[in-house]
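Summary of the model geometry
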Amino acid sequence: MQYFFKRLREPSTWLGLAALIAGGGQLAKINEASAVADAVAGAGQAVASGADPLTAGALAVGGLVAAIMRERGDG
C-alpha cells in the first residue's frame, strides 16, 4: 500500500497514465480521450506541486465528468 501511495506522488505516473489514455483513445477513435488525458495530466501537476493524492484524484474525476457530460441546452 505504501508503494502505491509513493507512486501516486510521482508526476511521471500521472503523465504515463495520461499518455496511455490518449494513445488508447486515438486507437479506439474515442473523441473525449484527449480531454480525459488532460484531466489526468492536470491531476499529476497537482501532485507535483504538493497536493495529496486524494485531492489529485478529485481533480481527475472532476475533469473526467466535465469531459464526458453533455452541455445543457437545446442540443
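Residues numbered from 1 in each chain as written. Predicted model: local features only at pLDDT ≥ 70, side-chain atom pairs only at ≥ 80, totals over all residues. Heavy atoms only, no water.

1. Some remarks on the overall build of the protein chain
On a plain count of helices and strands, the protein chain comes out with 4 helices and 0 strands. Referenced to the eigenvectors of the C-alpha coordinate spread, the extents of the protein chain come out at roughly 45 × 30 × 20 Å. Within the protein chain, buried positions represent 23% of all 75 residues. Within the protein chain, contacts between residues at least 6 apart in sequence are counted, and of these 56% link residues at least 24 apart. As presented, the protein chain carries roughly 5,400 Å² of accessible surface, and 61% of it is formed by carbon and sulfur atoms. Of the side chains in the protein chain, 6 bear a positive and 6 a negative charge, and the two mean positions are spaced by 9 Å. (Helix = DSSP H or I, 4+ residues; strand = E, 2+ residues; numbered from the N terminus. Buried < 20%, exposed > 50% of the residue type's maximum accessible area, 1.4 Å probe, protein only. Contact = heavy atoms within 4.5 Å. Areas by Shrake-Rupley, 256 points an atom, 1.4 Å probe, with all protein chains shown as cover. Lys, Arg positive; Asp, Glu negative; His and termini not counted. Charge placed at Lys NZ, Arg CZ, Asp CG, Glu CD.)

2. Thoughts on the nonpolar core
Core analysis: the largest hydrophobic core is formed by 10 residues, namely Leu8, Trp14, Ala18, Ala37, Val40, Ala41, Ala43, Val47, Ala56 and Ala60. Those elements that provide at least two residues to this core are helix H2 (11-28), helix H3 (33-48) and helix H4 (53-68). Ranked by residue count, the leading element in this core is H3, at 5 residues. (Core = buried A, V, L, I, M, F, W, Y, C linked by side-chain atoms within 4.5 Å.)

3. Considerations on the packing of H3 against H4
The interhelical angle for the contact between H3 and H4, taken along N-to-C directions, is 160°, at an axis separation of 8 Å. Classified by the angle between their axes, H3 and H4 sit roughly antiparallel to one another. Between H3 and H4 lies a crossing whose hand is right-handed. Together, Ala35, Val36, Ala39, Ala43, Ala46 and Val47 of H3 and Ala56, Leu59, Ala60, Gly63, Leu64 and Ala67 of H4 make up the contact between the two elements. Considering only residue class, the contact of H3 with H4 consists of 11 nonpolar, 1 polar and no charged. (Axes fitted to C-alpha atoms, helices over the stretch in contact; angles between N-to-C directions. Parallel < 35°, antiparallel > 145°, perpendicular 65-115°, else oblique. Left-handed = near helix turned anticlockwise from the far one by under 90°. Nonpolar A, V, L, I, M, F, W, Y, C, P; charged D, E, K, R; others polar.)

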